[in-house]
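Listed below, chain by chain, are the residues.
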Amino acid sequence: MSEVQQQGGGDKKGGKVRSKKQSTRIDMTPMVDLAFLLLTFFMLTTTFAKPKTMEIAVPEKPKDTLHTPPVFEGRVMNLILGEKDKIYWWMGITKPEVHTTTYSKDGIRKIVLEKAKDVDAIVRGQGKDPSKLPMVILIKPVDSSRYKNFVDIMDEMKITKAPIYALVPITPDDKALIKANEK
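Structural notes, computed from the coordinates.

Cut-offs used in this document
Residues numbered from 1 in each chain as written. Predicted model: local features only at pLDDT ≥ 70, side-chain atom pairs only at ≥ 80, totals over all residues. Heavy atoms only, no water. Helix = DSSP H or I, 4+ residues; strand = E, 2+ residues; numbered from the N terminus. Buried < 20%, exposed > 50% of the residue type's maximum accessible area, 1.4 Å probe, protein only. Contact = heavy atoms within 4.5 Å. Pairing = 2+ DSSP bridges. Axes fitted to C-alpha atoms, helices over the stretch in contact; angles between N-to-C directions.

### Things to note about the overall build of the protein chain
A tally of regular secondary structure across the protein chain gives 4 helices and 7 strands. Taken from the N to the C terminus, the helices and strands of the protein chain come in the order β-β-α-β-β-β-α-β-α-β-α. Relative to its full complement of 183 residues, the protein chain shows a buried share of 23%. Restricting the contact set of the protein chain to residue pairs at least 6 apart, pairs at least 24 apart contribute 57%.

### Structural notes on the sheet that holds strand β7 (residues 164-167)
What the 5 strands build is an open sheet, ordered β5-β4-β3-β6-β7; its pairing is mixed. Each edge of the open sheet carries a strand with a single partner, namely β5 (99-101) and β7. If you compare each strand with its neighbour and ignore which way they point, the axes differ by 25° on average. Along the sheet, helix α3 (residues 147-159) contacts β3 (76-81), β4 (87-91), β6 (136-141) and β7; its crossing angle with β3, the most-contacted strand, is approximately 155°. In this fold helix α4 (residues 172-182) packs onto β3, β4, β5 and β6, with an angle of close to 110° to the strand it touches most, β4.

Such coordinate-based values are descriptive only and should not be taken to indicate function.
The following block contains the structure:
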């Protein structure tokens, strides 16, 4: 712990009588031990940051590939995740009219909700049940798009409650549409 060391004062043989100088020495070993015990305790009892993951539901492989559900061209929405946080989108498969939007709530979210309502109205007008023919959204990231864009579009699909969406590779025709739209 601590100890007091005494050094002698003056001799008693004449001269002044000096008071004894006392020197203290503190042993720091127990405090260092305590510090390491506390450090070990807090390291073992602290909850470390848990990784945050996004759940992606992967569909099962169809058992019967001959009877796939019908998909109508007017119910297919194509989303291309482009460079610089742009989204190129169009409805249908043939003769696309390419539009550009952003990831904001007034961007892709508003478009997906509006198009879903429009398509449901068309299907109801044909006397069919819209829930049996849901809108299909094809998400196509380009090589230069950012991972953040993918996470953002997945969040938008969750927010808009899109029933069917799929991540598909971009085709050369899609790349040509983007280049033609940028001119």
